[in-house]
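Now for the letters of each chain:
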Amino acid sequence: MACLLEAPLRISVLSEVTATSRHYVDRLFDPDPQKVLQGVIDMKNAVIGNNKQKANLIVLGAVPRLLYLLQQGSSSSELRAECAVVLGSLAMGTENNIKSLVDCHIIPALLQGLLCPDLIFIEACLRCLRTVFISPVTPVQLLYTDPTVIPHLMSLLSRSQRTQEYITQIFSHCCKTPEHQTVLFNHGAIQNIAPLLISPSYKVRMQALKCFSVLAYENTQVSMTLVNVLVDEELLSQVFVRMMQRDQPIDMQLTAAKCLTYMCRAGAIRTDDSCIVLKTLPCLVRMCSKERLLEERVEGAETLAYLMEPDVELQRIASVTDHLVAMLADYFKYPSSVSAITDIKRLDHDLKHAHELRQAAFKLYASLGSNDEDIRKKITETENMMDRIVSGLSESSVKVRLAAVRCLHSLSRSVQQLRTSFHDHAVWKPLMKLLQNAPDEVLVMASSTLCNLLLEFSPSKEPILESGVIELLCSLTQSDSPALRVNGIWALMNMAFQADQKVKGEIVRALGTEQLFRLLSDPDSNVLMKTLGLLRNLLSTRPPVPVLLKLLHSLLVELIDQMEHSAAVPSSWHIDQVMSSHGKQIMQAVTLILEGEHSIEVKEQTLCILANIADGNTAKELIMTNDDILQKIKYYMAHSNVKLQLAATFCISNLIWNEEDGEANAMTGSQERQDKLRELGFVDILHKLTQASDPNLCDRAKTAMQQYLA
Amino acid sequence: MDAMAELGAGSLLLGDPAFNYQEAELNERLKRLYPAVNEDETPLPRSWSPKDKYSYIGLSQNNLRVHYKGHGKNHKDAASVRATHPIPAACGIYYFEVKIVSKGLDFLSSLLPLSPIPGWDKHSYGYHGDDGHSFCSSGTGQPYGPTFTTGDVIGCCVNLINNTCFYTKNGISLGVAFTDLPPNLYPTVGLQTPGEIVDANFGQQPFVFDIEDYMSEWRAKIHGMIARFPIGERLGEWQAVLQNMVSTYLVHHGYCATATAFARATETLIQEDQTSIKNRQRIQKLVLAGRVGEAIEATQQLYPGLLEHNPNLLFMLKCRQFVEMVNGTDSEVRCFSIRSPKSQDSYPGSPSLSPRHGATNPNLHSAGADSPTCSNGVTPPNKNKSHNKYPGVSSASSSSSSSPSSVNYSESNSTDSTKSQPHSGTSNQEETSDSEMEIEAEHYTNGVAENPSARIMNGTYKHQEILQAQDISLEDSCASRQLCGGNQAATERMIQFGRELQGLNEQLCREYGKNVTHKKMLQDAFSLLAYSDPWNCPVGQQLDPMQRENICSALNSAILESQNLPKQPPLMLALGQATECVQLMARVRSGSCSFARVDNFLH
């Protein structure tokens, strides 16, 4: 709307300019300083509350002249102050006004003006600066370009209640990044602003409080300092608690709750502290109630979601506080049918907040249900909950879609929900749709949810498989985002778990061995972990040996296929050759991982793969002929970590296994392997392990020893 | 307070100091939580009732601990107990907590309206621990909150403003459980399993849930409602009404200069003539100084016929005069005395007539509803005839007494010079020398500062009361506070006056018939003579200078009425009415009265 009107307005402005506004600007150029002063005062009275007049004067170039007068040392202090007042008034207009003022370099001029000793002038400058800085069109960075500005503003805090109000308001709007937090912190923001929390002026108290909320947000250093600050011999957290009392203004309660929330999330206050459990959490729940304004309900729900995200106990408490779960259902009822009928203004207001309300509710549900099964049940049993999530997944607003998928993800951690409500509402359908085309952050959540939906016991697994998800997941593994790569490979891993041959084959085909090997050397250890997990599932012992061999075969054939296509290699490869050559590649990868700096979990996974390989007849030879690997296994059998010992012992156990139904050469193979392993000293180690304190390890070592005796 | 005493008397543990301490703490907490509750009318629950309980229920620990001693085989074995009293509506918001000491299979914490013990199920409201369901007058529950078990503290809050109820678990509000609750609910617990034990907290200990914070929200809500109450079409007159309120108040109490200044500043008119205000002020000063004889004289002089047409008022004044004679302050006996006439007469510092405010004045609450003269037992029989009969009287006498300082015209002239000294009037005893006086004065000052129980009112009263207390210990040295100032002639005059008073009573009886109030008044006054130390006797209360205030305002009202002016300032009427209304709200069970207290608005 604004854009459309702008052009015609300009024209009409210009025609009127000469008649009315020109006069005001002309008077600023009068040689008599007294007349200039009167001109500025008249201009002040003319622009108050008159946006048109403001625009006119800006167009006519009043701003540079006012700035010139303001900066002139020869100007009287009264004139300078009046200039600052007029500029402040101009800034109160539209966003375009602010842009014009900023373009005229008003900020450095006003900041310079703060060095003047005259308090009235300082206050006028600060008021104008405040108005400019709280506008979203002003680049925040302008406050930090001159390093002397922040310390000077700190020193002005003691001058008057007005300077306190304006400066704290500037800080709270200009503190957007951790760097800003650090700058303010290093210049003593906490010590300087803390006493303002008990100022007699409500505005000052409120702005000081807002400062602390932006300073403490995700900032451990600030939060840790805040908990020890005393204001009038009272701990700051107690001051915040007092500000959350129910008879305080809602804005103050909410902002104080934010401060304590941020301090708690930064680790400065324990989650079981009574000021969190009995004060902050109930206060935020109250903010979600129907009695509050829509904006307050959004902020309350988002802050509450953030507060309890990592703590299951807080989630449990919140879930029973004041019927929160049911209260949130109301967030989806905007715009209500009543608002549409009663008045158009209310409908407009409701419409504007409807998205925000929905996404805030989804976020809060996601947080509530992230750990506790009972809470998840309570959420899914809320009226039309699953339908709301399903429709939320396809909303136009990215924010709502993201929040809805987060909520779904949180609920998808429940085995019961996966089996029941998720299947009943076919949530996989909108989810799959979402995966086709969405921003990365949505994709991460959606793919992560998909991982859970692909779990073996999930009834949604079958239909998802049939919808051709494998290609999609494989493409995710090629993403630049590590989170997406992890989720892609994770979903494939889940899919491959106890899957039938066909699915496994499809995965291998779609992914390609080359990509598989690439993932094994992924810089992100999570990716590596899940890839190993996938390999382990692909090579899982559950199907009998021939199937394993086939799988390995198909994997390698695929690899050869690719090599053929890329390097035009002759096609007469003998199957044994293929196996020996590419089995070697796998062995290399395994060795690489076992030698590398990987976590215990990764190594455990690797050893498990090895154990799976060791279960196959042909593949056994691959290991037996690889002294490096054998040494590794030996090493891990004596490792200090029981899990690794177990996995390594499992490998050996499989290698020495004496197949009852095996053929003659297999028997000999078994004997040969047993002899070789004895030579290498494995028997001695197994002996030792039978004495191990861990019962599982002990058992496994004993079972292995029995093979020798047999 | 009376209710508490009753409870204490019935308890075997009365002598236990720890218990008494706990009682005191409980009283203090209840008073703070429910300041609007008048426990004489509606006592607060303080323990479980040993009478209103099932036989399967055992009580111990001052009737605060409940244990189950039945079989607990099925639902028929469930048993409950309720508190000694229902929740008074004037609580506004009521809260109690129960700690689960030992959990059984089933537990319910519920509320019951006044009902016979059989048929517990009807009109009962509960929250069950085994399934977390809420039960409302029926056997089928609604899913409500979490389950609870040993160690949990369950609270129940009844909001008597919107008639809802919510429970708390370990200090966390579980949200509204019931709406549209009926009045007169009792805190109740029910148990069903052998070995179940629960402890109640009706305010004996600090609550786990911050109920005061919850109350503060409702207080703010109701104050906001009052502040935003729509004034309607008379909005424009609002300022004029307020100005009139202030102006009439000042005029009524005779703050002449202030009233004039206020009228000038607000450009309003004062109904009453300035000299008339000053006359009234002078008479009031005399009464408050205990010089009732002079006050009667001045009234008769300035408002001839007034007292003649108000024989009851005259009788009251005369009775007071007699009391003041005993006190030694009335001029008829004081002229015999060698003591300084200024003693006990003047209230140091002005204004001397400052009226008392708010809850500290027991008379105030009735002031709006009843006329003060009636409450004093004096019904002006001919008030309709009295006014307008003597036009111009006040102006005729005004020239002789236009200045307040002239009130001393009838005093003996012995110590005129000391009157203006700052410590004048601080002493009730004989003055021997200046230096001694100073020492005493200093001593009294200390007494004032150290006395923490002083009532909140005009500083002068306080001062004098303390002086009297001090006098007792100083009796050896200064022989103060003797009958009629210790003077023989004065005593004789007093006795003679007593006879005249007796005669007046008989005359009134003949004319208007017997008057019980008069008889009582006279008896009380004469009884003073029966004691060697009238100040320390059962009827000694009459000698308190504060007793002068009622008669003073009655006289003032009578004068105003005779001038066809309101006998009560509208401000006091409004205040009295508001106070009455709030009390009425409590009686008709409107819970918001607890947060709409009149004294919250008086500073």
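Rules behind the numbers
Residue indices begin from 1 for each chain and proceed along its sequence in written order. Starting at A for chains and at 1 for ligands, labels are handed out in the order in which the entities are written. Note on the predicted model: pLDDT of at least 70 is required for a residue's local features to be given, and 80 or more for side-chain atom pairs to be given and counted; whole-chain, interface and lining totals, by contrast, use all residues. To get the side-chain values, take all heavy atoms of the structure and skip hydrogens and water. A run of H or I in DSSP becomes a helix once it reaches four residues, and a run of E becomes a strand once it reaches two; helices and strands are each numbered from the N terminus. Type-normalised accessible area, obtained with a 1.4 Å probe on protein chains alone, sets the label of each residue: buried when under 20%, exposed when over 50%, and partly exposed for intermediate values. Should any heavy atoms of two residues lie within 4.5 Å, those residues are considered in contact. Pairing between two strands is assigned when DSSP locates at least 2 bridges connecting them. Expected span of a helix: the number of residues minus one, times 1.5 Å. Whenever two N or O atoms come within 3.5 Å, that pair is a polar contact, provided that in protein one can donate a hydrogen and the other can accept it, and provided that, for residues adjacent in sequence, both atoms are side-chain atoms. Patches here: salt-bridge-free residues with over 30% relative accessible area, like charges joined within 9 Å, nonpolar side chains (Val, Leu, Ile, Met, Phe, Trp, Tyr) joined within 5 Å. Surface exposure here means Shrake-Rupley accessible area, sampled with a 1.4 Å probe, where a residue is shielded only by the protein chains that are shown. The term salt bridge refers to a side-chain nitrogen of Lys or Arg lying within 4 Å of a carboxyl oxygen of Asp or Glu. Ring geometry is summarised as follows: Phe, Tyr and Trp rings, the Trp one being its six-membered ring, pair when their centres sit within 6.5 Å, and such pairs are stacked at plane angles under 30 degrees, edge-to-face over 60 and tilted between the two. When the NZ atom of lysine or the CZ atom of arginine is within 6 Å of a ring's centre and also within 35 degrees of its normal, the charge is said to sit over that ring. Summed over both partners, buried area is the accessible surface (1.4 Å probe) that two parts give up on being assembled. Each residue gets one label: Ala, Val, Leu, Ile, Met, Phe, Trp, Tyr, Cys and Pro are nonpolar, Asp, Glu, Lys and Arg are charged, and the others, such as Gly, are polar. Every angle, taken between N-to-C directions, lies between 0 and 180 degrees, and every axis is a line fitted to C-alpha atoms, over only the stretch in contact when it is a helix. The cut-offs work like this: below 35 degrees is roughly parallel, past 145 is roughly antiparallel, 65 to 115 is roughly perpendicular, and the gaps in between are oblique. In predicted models, pLDDT denotes the confidence assigned by the predictor to each residue on a 0 to 100 scale.

What chain B contains, in helices and strands, is 19 helices and 14 strands. For chain B, the residues scored as buried account for 50% of the 603 residues in total. Put simply, of all contacts in chain B between residues at least 6 apart along the chain, 69% involve residues at least 24 apart.

Moving on: the pairing of strand S4 (residues 79-83) of chain B. All names here are of chain B. When you tally the buried positions in S4, you get five out of five residues, the bulk of the element. Here strand S1 (residues 48-53) runs beside S4; their pairing, made up of two bridges, is antiparallel. By the bridge assignment for S4, Lys53 is matched with Val81. Examined bridge by bridge, S4 and strand S13 (residues 185-191) share four bridges and lie antiparallel to one another. Note on S13: the bridge partner recorded for Ser80 is Gly190.

Moving on, we get to helix H14 (residues 202-216) of chain A. Residue and element names in this part refer to chain A. Taking 1.5 Å as the rise per residue, H14 with 15 residues should run 21 Å; its terminal C-alpha atoms sit 21 Å apart, in good agreement. Within H14, burial applies to Val204, Met206, Gln207, Ala208, Leu209, Cys211, Phe212, Ser213, Leu215 and Ala216. Contact partners of the buried residues in H14: helix H11 (161-174), helix H12 (178-186), helix H13 (189-193), helix H15 (220-227), helix H16 (236-243) and helix H17 (250-265). Measuring from the backbone nitrogen of Lys203 back to the side-chain oxygen at the start of H14 gives 3.3 Å, which picks out Ser201 as the cap. One or two positions beyond H14, positive phi appears at Glu218, with a value near 50°.

Turning our eyes to something else, we now look at the pairing of strand S7 (residues 125-128) of chain B. Residues and elements named next belong to chain B. Residues Tyr125 and Tyr127 line one face of S7 and the alternating positions Gly126 and His128 line the opposite face, and both faces are buried. As judged from the three bridges shared by S7 and strand S8 (residues 133-136), these two strands associate in the antiparallel manner. The residue bridging Gly126 from the neighbouring strand is Phe135, located in S8. Hairpin connection from S7 to S8: four residues lie between these consecutive antiparallel strands, with Gly132 at a positive phi of about 75°.

Residues and elements named next belong to chain B. The grouping of Phe229, Ile231, Trp238 and Leu242 at the surface amounts to a nonpolar patch, some 420 Å² of accessible area in total. Inspection of the secondary structure puts Phe229 in the loop between helix H3 (211-227) and helix H4 (238-252). By relative accessible area, Phe229 is classed as exposed at 57%.

What follows deals with the packing of aromatic side chains. Given two aromatic rings, one states the distance between the centres and the angle between the planes to describe the pair. Applying the stated criterion across every chain, the model contains 23 aromatic pairs over all chains. For the ring pair Tyr95 of chain B and Phe209 of chain B, a centre distance of 5.6 Å and an interplane angle of 45° mean the geometry is tilted. Of this pair, Tyr95 of chain B sits in strand S5 (residues 93-102) while Phe209 of chain B sits in the loop between strand S14 (197-201) and H3, and the two are 114 residues apart along the sequence. The residues Tyr95 of chain B and Phe209 of chain B share a single accessibility class, namely buried. Members of the aromatic cluster, each reached through a chain of ring pairs, are Tyr125, Tyr127, Tyr144, Phe148, Tyr167 and Phe178 of chain B. Positioned above the aromatic ring of Tyr306 of chain A is the side chain of Arg265 of chain A, whose terminal nitrogen or guanidinium carbon lies 4.3 Å from the ring centre. In this structure, Lys221 of chain B packs its charged tip against the face of Trp218 of chain B, placed 3.9 Å from the ring centre.

On to the interface of chain B and chain A, then. Facing 18 residues of chain B, the contacting portion of chain A comprises 14 residues. Together chain B and chain A conceal approximately 1200 Å² of surface at their shared face, both sides included; 51% is due to carbon and sulfur atoms. In this assembly, chain B and chain A are joined by four salt bridges. Where Glu291 of chain A meets Lys221 of chain B, a salt bridge forms, and the shortest distance between an N and an O atom there is 3.6 Å. Taken together, the connections running from chain B to chain A amount to seven residue pairs in polar contact (both at pLDDT 80 or more). Contributions of two or more residues to the side of chain B that touches chain A are made by strand S12 (172-178) and H3 of chain B. Counting residues per element, the side of chain B that touches chain A draws most heavily on H3 of chain B, which supplies six residues. The residue inventory of the side of chain B that touches chain A, partitioned by class, reads nine nonpolar, five polar and four charged.

To describe two helices that pack against each other, one gives the angle between their axes and the distance between the axes. Residue and element names in this part refer to chain B. Direction vectors running N to C along helix H8 (residues 311-327) and helix H17 (residues 516-527) enclose 10°, while the axes themselves pass 9 Å from each other. When the axes of H8 and H17 are compared, the pair comes out roughly parallel. Judged by residue contacts, Asn312, Phe315, Met316, Cys319, Phe322 and Val323 of H8 engage His518, Met521, Leu522, Ala525 and Phe526 from H17. Tallied by class, the residues present in the contact of H8 with H17 amount to nine nonpolar, two polar and no charged.

Residue and element names in this part refer to chain B. Reading across the sheet, the seven strands line up as S2-S3-S14-S5-S10-S11-S12 and stay open at both edges, with antiparallel pairing between neighbours. In this open sheet, the two edge strands, each paired with only one partner strand, are strand S2 (57-60) and S12. On average, each strand axis in the sheet is inclined to that of its neighbour by 25°, with strand direction left out of account. Two elements, strand S11 (residues 164-169) and S12, share four bridges in a ladder whose sense is antiparallel. Note on S12: the bridge partner recorded for Thr168 is Ser173. Across the sheet, H3 is in contact with S5, strand S10 (153-159) and S11; its angle to S5 comes to roughly 160°.

Residues and elements named next belong to chain A. Residue position: Ser448 is located in helix H30 (residues 440-453). Judged by its relative accessible area of 15%, Ser448 falls in the buried class. At 2.9 Å, the side chain of Ser448 and the side chain of His409 are in polar contact. Setting aside residues no more than four positions away along its own chain, Ser448 makes contact with His409 and Asn487.

Residues with a pLDDT of 70 or more make up 67% of chain B, whose mean pLDDT is 71. Predicted confidence is poor over residues 114-120 of chain B, with pLDDT under 50, and the contacts of this stretch with residues over four places away or in other chains come to 13 contacts.

Moving on, we come to the pattern of salt bridges. All names here are of chain A. Counted under the stated rule, the structure contains 39 salt bridges over all chains. Residue Arg22 is joined to Asp26 by a salt bridge in which the shortest nitrogen-to-oxygen separation is 3.6 Å. Of this pair, Arg22 and Asp26 are both found in helix H2 (residues 21-27), four residues apart, which corresponds to roughly one turn of the helix. With its nearest N and O atoms 3.4 Å apart, the salt bridge here joins Arg406 to Glu309. Taken together, the residues Arg406 in helix H26 (residues 398-411) and Glu309 in the loop between helix H19 (294-308) and helix H20 (312-320) connect sequence positions 97 residues apart. Overall, Arg406 belongs to the partly exposed group, its relative accessible area being 25%.

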